[in-house]
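Chain by chain, the residues run as shown.
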Amino acid sequence: MIYDTAIIGAGACGAATAWQLSHTESKTILLEKETDAAFGVSKANSGIVHGGFHHPSDTLKTKLELRGNKLFDVLHEELGFPYHKCGILVAAYSEEQMETVKKLYQRGLDNGVTNLELCDRARMLELEPKLNDAVCGGFFAPDGGTIEPYGYVFSLVESAIKNGVDVSYNFKVCNGKYENGVWTLTSADGRTVQAKYVVNAAGLYADEISRVCGGEEFRIIPRKGEEYLLDKTCACRPEHVLFPVPTKHSKGVLVIPTAGGTTMIGPTADPVESKDDTETTSSHLKRIAGLVSDMINGVSLRDLITSFAGLRPVLETEDFYIEPSKRIPAFIQVAGIQSPGLTASPAIGEYVVELLKKEGLELKAKTAERVKNYKIDPADPAWNRIVCRCEKISEAEIVEAIRKGHTTVDGIKFHTRSGMGRCQGGFCAVEILKIISRETGMSVEELTKRGGGSRIIAGKLGSLEVKA
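Residue positions are given per chain, counting from 1 as you read along its sequence in written order. Per-residue local features of the predicted model are confined to residues with pLDDT of at least 70, and side-chain atom pairs are confined, for both listing and counting, to 80 or more; whole-chain, interface and lining totals are unaffected and use all residues. Values reported for side chains reflect all heavy atoms of the structure, with hydrogen atoms and water molecules removed beforehand.

All right, on to the overall build of the protein chain then. Secondary structure follows DSSP: runs of H or I at least 4 residues long count as helices, runs of E at least 2 residues long count as strands, and numbering of each begins at the N terminus. In terms of helices and strands, the protein chain carries 11 helices and 22 strands. For a compact globule of 468 residues, the expected C-alpha radius of gyration is about 23 Å, and the protein chain comes in at 23 Å, within 12% of that figure. In terms of its C-alpha atoms, the protein chain occupies a principal-axis envelope of roughly 65 × 60 × 55 Å. Residues counted as buried form 54% of the 468 residues belonging to the protein chain. Residue contacts are defined here by distance: any two heavy atoms, one from each residue, within 4.5 Å place the two residues in contact. Considering only contacts in the protein chain between residues 6 or more positions apart, those separated by 24 or more positions represent 71%. Approximately 20,700 Å² of the protein chain is accessible, and the part contributed by carbon and sulfur atoms is 50%. Positive and negative side-chain charges in the protein chain, numbering 56 and 61 respectively, have mean positions lying 2 Å apart. To get the radius of gyration, use the C-alpha atoms; to get the globule rule, take the number of residues to the power 0.38 and multiply by 2.2 Å. Accessible area is worked out with a 1.4 Å probe on protein chains only. A residue is then buried under 20% of its type maximum, exposed over 50%, and partly exposed in between. Areas reported as accessible are Shrake-Rupley estimates using a 1.4 Å probe. Residue values count occlusion only from the protein chains shown. We score Asp and Glu as negative and Lys and Arg as positive, and we do not count His or the chain ends. For charged residues, the charge sits on one atom: NZ in Lys, CZ in Arg, CG in Asp, CD in Glu.

Here's what the structure looks like:
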């Protein structure tokens, strides 16, 4: 089969593009080098729907951020992913910072953001009573919020599949060749896919995909952000996403009331050499905790339940790079999608589809079918068997995730939130492995955390040879 479009990368941007194309009569395939969607940049995202005031209006990222923000209400209604529209507060703790806040506020107005409110100290404490008493003012952007990034991406992919998009996982593109109007993409395991058009939405690896396909030479610079997750019972959980005054290279260390009910603090913003560097450090944890304590009361590291790090795919220009390749035909570059990339992603999907049309892809609209939410069945006893006690996730919900194609521990975790609570899977992991094994027919020894070589169980203790 020759597809109309092959999209490389099943993160937020690739998934949003696939979802948009699923509303047309064209034939699309989504290619992902990992075992599941959202396992790259998207999974380790802060999950913030940004408010459109951090960047100037002449950047592509701002234009798409503003449009993306407005689309999330519609997408949430359509797809049902967790969305907490709590608003954003930018807090100043000195008169000098307050001057910067006023500039950000004006930038938001210049960008066309509505409902912004410049706040004095009393108003800030009224909106967020847990703020440190040293706060002297700030502003409120009520149209910001948080989503679960993996839940968002999963819902896009599930809907796209329902409406005719094909997906191929573990497809690591190592070569691309254009001949007689058709691209042939070859994976590391020898499989091939043919398509008339290619969209390069490969995140951290967009530079490498461009190179192996003969496109533009550019460099993705990984910027690491360490995040720390606090328990649902933590005393510092704010009502709104709390931003400090930003620096030149970062929006700063935030306090984020996640859509899942926990509280996240972070991220850092450190350029790194390796695209696999996702380690977190105690020194960064202490620094972040100190910065957060300067903003809000009630911070305690006793509430820490886990940490993780994400890598942002940064270009030297700091702006998004979304345009047809000038070196190779029928190839759309979608690169450098760092913050606010998640917010912009619905608009990026729209934008890429318009570029495909301009490049000659004929697209006829069709009525897409909505994905039905899984409803509680009182007659099914699996709904009453709670597997994850921290998050109150039933066996039925885990089975649903498996039947949708999520057969790794992380895939189940991201789809259901099982293992995301206080014990971090300490009590439910074994039961989840048993359910995956039962539903898929795979042995427990075959199961993995996130695909590849990440096996959970290597063998039985009794099978080990002990040598003197």
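Each axis is a line fitted through C-alpha atoms, and for a helix only the stretch in contact is used; angles between axes span 0 to 180 degrees, taken between their N-to-C directions. Relative to each other, helix 9 (residues 395–403) and helix 10 (residues 409–416) sit at 120 degrees, their axes nearing to 9 Å. Where helix 9 crosses over helix 10, the two elements pack in a sense that is right-handed. For the pair helix 9 and helix 10, the contacting residues are E397, I398, E400, A401 and I402 in the first and I412, H415 and T416 in the second. Looking at the contact of helix 9 with helix 10 residue by residue, the classes come out as four nonpolar, two polar and two charged. For any pair of crossing helices, the crossing counts as left-handed if the nearer helix is rotated counterclockwise from the farther one by less than a right angle, and right-handed if it is rotated clockwise. Charged residues are taken to be Asp, Glu, Lys and Arg, nonpolar residues to be Ala, Val, Leu, Ile, Met, Phe, Trp, Tyr, Cys and Pro, and polar residues to be all remaining types, Gly included.

Next up on the list: the packing of aromatic side chains. Aromatic ring pairs are described here by two measures, namely the spacing of the ring centres and the angle between the planes. Between 30 and 60 degrees the pair is tilted, below 30 it is stacked and above 60 it is edge-to-face, where a pair is any two Phe, Tyr or Trp rings, Trp via its six-membered ring, whose centres lie within 6.5 Å. What the rule picks out here adds up to 12 aromatic pairs. Measuring from ring centre to ring centre gives 6.1 Å for F72 and F81, while their planes differ by 90 degrees; the resulting arrangement is edge-to-face. Residue F72 shares its accessibility class with F81, and that shared class is buried. Taking the centre distance of 5.2 Å and the plane angle of 70 degrees together, the rings of F81 and Y152 count as edge-to-face. Remark: Y152 occurs in helix 5 (residues 149–162) and F81 occurs in the loop between helix 2 (60–79) and strand 4 (83–84); sequence separation between them is 71 residues.

Time to look at helix 5. Over its 14 residues, helix 5 runs 20 Å from end to end, which matches the ideal 20 Å to within 8%, given 1.5 Å per residue. Among the residues making up helix 5, those that are buried are P149, Y150, G151, Y152, V153, F154, S155, L156, V157, E158, S159 and A160. Directly beyond the C-terminal end of helix 5, a positive phi value near 105 degrees is found at G164. The length a helix should cover is 1.5 Å for every residue beyond the first.

Turning next to the nonpolar core. The biggest cluster of nonpolar side chains holds 69 residues, and the ones touching the most others in it are L31, Y152, L185, I322, V334 and I348. If one sorts the elements of this core by residue count, helix 8 (residues 341–358) sits on top with eight residues. If near-sequence neighbours (up to four positions away) are discounted, V334 is found in contact with C13, V199, N200, A201, A206, Y321, I322, I348 and V352. Buried residues of nine kinds, namely Ala, Val, Leu, Ile, Met, Phe, Trp, Tyr and Cys, make up a nonpolar core once their side-chain atoms join them within 4.5 Å.

Moving on: the environment of E158. With respect to the helices, strands and loops of the structure, E158 is situated in helix 5. Overall, E158 belongs to the buried group, its relative accessible area being 17%. Counting along the chain gives 255 residues from E158 to K413, while the straight-line C-alpha distance between them is 16 Å. Apart from the residues within four sequence positions on either side, E158 is in contact with V371, K404, H406 and H415. Two N or O atoms count as a polar contact when they lie within 3.5 Å, although within protein this holds only if one can serve as hydrogen donor and the other as acceptor, and sequence-adjacent residues are included solely when both atoms are side-chain atoms. A polar contact of 3.0 Å, which involves the side chain of E158, links it to the side chain of H415.

Shape is all these values report; function is a separate question.
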